[in-house]
Every structure is written in C-alpha cells, then in structure tokens.
Amino acid sequence: QVQLVESGGGLVQAGGSLRLSCAASGRTFSVYGMGWFRQAPGKERDFVAGINWSGGNTYYADSVKGRFTISRDNGKNTVYLQMNSLKPEDTAVYYCAAHRLGYVFKNPEEYDYWGQGAQVTVSS
C-alpha cells in the first residue's frame, strides 16, 4: 500500500506562485507514474500534469502549459507541481495520484493511489 500526502496549498493572489509537494511512502516510488489532478466545486476531477517513472516524460493540460511544471525527486519519494502565473480559474482542490506501473494517464480512473488533496485558492 502506498500513502500520498500533499502539501503546499494555500491562498495566493492572481499572478502569484505556489509549489505543491506530494510525498509518498514505500520503497517503490521510483517505479510509479505520477499525476496531478484538480477538482473545483461541482466539477469533475481534471488532469493537470503527469510525469513518468523516470521523470523523462512530462505531460500537461493545455490550460496550464507554460505556467505549471511537474518534477520528481525519486531520492526523496516526492513529486512537485510548481504553479506560476496563477489565475482565479486555477482555484480547486489539487490531488496527486500514482500509477503503479509507471505510466501517465489523463483518466483519473487509471490511477491506483490518491492523496487527500490540497486546497489552492487564487484571488482576483
């Protein structure tokens, strides 16, 4: 079993930056594909960014390309989401997720493990 714990959420003004972290338990983090998703009230959980097991491939939703950067440190069992130029429409609960075979999918149903979520609020 893998536990994922997000941190780094908060309140920021439009144009500001935040960095989310997702720390994973267990010894096999380096083989997992990792994704970040977000869910606003009354909306579905949407793919934001993903990174494969090695960190060699990254993927982004069109809405965040050029503003968000996903990265991972397998030595620290942690994946990050650097969010710059934040907009009010980025307001949501952000979740990290792990795929145990190392792949990245945009469909949240493909993931095996989920964190509890971190609130990000961007004020205008």
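The structure presented is a predicted model; accordingly, all values stated were derived computationally and were not measured.

A. Geometry of the overall build of the protein. Counting secondary structure elements, the protein contains zero helices and 11 strands. Going from the N terminus to the C terminus, the protein shows its helices and strands as β-β-β-β-β-β-β-β-β-β-β. On C-alpha atoms alone, the protein measures out to a radius of gyration of 13 Å, which is about the 14 Å that the 2.2 N^0.38 rule sets for 124 residues. Dimensions of the protein along its principal axes, counting C-alpha atoms only, are 40 × 30 × 25 Å. Looking at the protein residue by residue over its 124 residues, the buried ones come to 44%. Surface exposure of the protein reaches about 6,400 Å², of which carbon and sulfur atoms provide 45%. Taken together, the 12 basic and 10 acidic charged side chains of the protein have centroids lying 6 Å from each other.

B. Main features of the side chain of R67. As for its placement among the helices and strands, R67 is situated in the loop between β6 (58–60) and β7 (68–73). Side-chain polar atoms of R67 contact the backbone oxygen of S63, separated by 2.9 Å. Side-chain polar atoms of R67 contact the side chain of D90, separated by 2.8 Å. Once residues within four sequence positions are removed from consideration, R67 is found in contact with Q82, M83, N84, S85, L86, K87 and D90.

C. Inspection of the pattern of salt bridges at higher detail. Considering all chains together, one arrives at four salt bridges under this definition. Notably, a salt bridge pairs K65 with D62, separated by 3.2 Å at the nearest N-O pair. Classification of D62 as exposed rests on a relative accessible area of 66%. The residue R67 makes a salt bridge to D90 at a minimum N-O spacing of 2.8 Å. You can see R67 sitting in the loop between β6 and β7 and its partner D90 sitting in the loop between β8 (78–83) and β9 (92–99), a full 23 residues away along the chain. Relative accessible area serves as the criterion here: at 10%, R67 is assigned to the buried category. A relative accessible area of 1% means that D90 is categorised as buried. Because the salt bridges share partners, they merge into one network encompassing R38, R67 and D90.

So, how was this worked out
Residues numbered from 1 in each chain as written. Predicted model: local features only at pLDDT ≥ 70, side-chain atom pairs only at ≥ 80, totals over all residues. Heavy atoms only, no water. Helix = DSSP H or I, 4+ residues; strand = E, 2+ residues; numbered from the N terminus. Rg over C-alpha atoms; globule rule 2.2 N^0.38 Å. Buried < 20%, exposed > 50% of the residue type's maximum accessible area, 1.4 Å probe, protein only. Areas by Shrake-Rupley, 256 points an atom, 1.4 Å probe, with all protein chains shown as cover. Lys, Arg positive; Asp, Glu negative; His and termini not counted. Charge placed at Lys NZ, Arg CZ, Asp CG, Glu CD. Polar contact = N/O pair within 3.5 Å; in protein donor to acceptor, adjacent residues only side chain to side chain. Contact = heavy atoms within 4.5 Å. Salt bridge = Lys/Arg side-chain N within 4 Å of Asp/Glu carboxyl O.

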